[in-house]
Amino acid sequence: LVLQMIELYLQQGGERMTQLRSAVAASDARQVERTAHAIKSSAGNLGVLALQRVAEALEVLAAQGVVDAELAGRAAAEYEASEAHLRRVAAELRA
């Protein structure tokens with residue numbers, strides 16, 4: 001089950017980060033809010049707490065109509081770090 005959750009996170013994570021970057025570039029606060037919520041949830045499910053916290057902050061700000069590009073950049077960096085770590089964990093679980 002854990003391996004399946006990791007694989008789903010990795011499969012959807014890149015898409016969600018692309019959606020987040022597009023929404024930020026378009027200053028689309030509603031889309032930022034929705035995407036940040038999805039990122040927050042999936043990160044929380046796997047204990048990726050740094051990304052979960054950043055995504056939650058993005059979600060809260062976007063709900064107020066604020067699009068924070070710097071915070072979105074931090075989310076991207078946290079996702080990349082979690083992606084690398086979880087790819088290693090998945091490989092170990094498959095071994």
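Rules behind the numbers
- Residues numbered from 1 in each chain as written.
- Predicted model: local features only at pLDDT ≥ 70, side-chain atom pairs only at ≥ 80, totals over all residues.
- Heavy atoms only, no water.
- Core = buried A, V, L, I, M, F, W, Y, C linked by side-chain atoms within 4.5 Å.
- Buried < 20%, exposed > 50% of the residue type's maximum accessible area, 1.4 Å probe, protein only.
- Helix = DSSP H or I, 4+ residues; strand = E, 2+ residues; numbered from the N terminus.
- 1 Å grid on protein atoms, 1.4 Å probe; cavity = no way out; pocket = protein on both sides within 12 Å on 5 of 7 lines; lining within 4 Å.
- Points joined across faces, edges and corners; volume = space filled by probe spheres on them.
- Nonpolar A, V, L, I, M, F, W, Y, C, P; charged D, E, K, R; others polar.

Concerning the nonpolar core
Consideration 1: By size, the foremost hydrophobic cluster in this structure holds 24 residues, and its most contacted members are Y9, M17, L20, V32, L51, L58 and A75.
Consideration 2: Of all the secondary-structure elements, those providing two or more residues to this core are α1 (2–25), α2 (29–45), α3 (49–63) and α4 (69–94).

A few points about empty space enclosed by the protein
Consideration 1: Tallied over the full model, the rule gives 1 cavity of 30 Å³ or more.
Consideration 2: Counted as a void, the largest cavity has a volume near 50 Å³.
Consideration 3: If you list the elements that add at least two residues to the lining of the largest cavity, you get α1 and α2.
Consideration 4: Looking at which element gives the most residues to the lining of the largest cavity, the answer is α1, with 5 residues.
Consideration 5: Looking at the lining of the largest cavity, its residues break down into 5 nonpolar, 3 polar and 1 charged.

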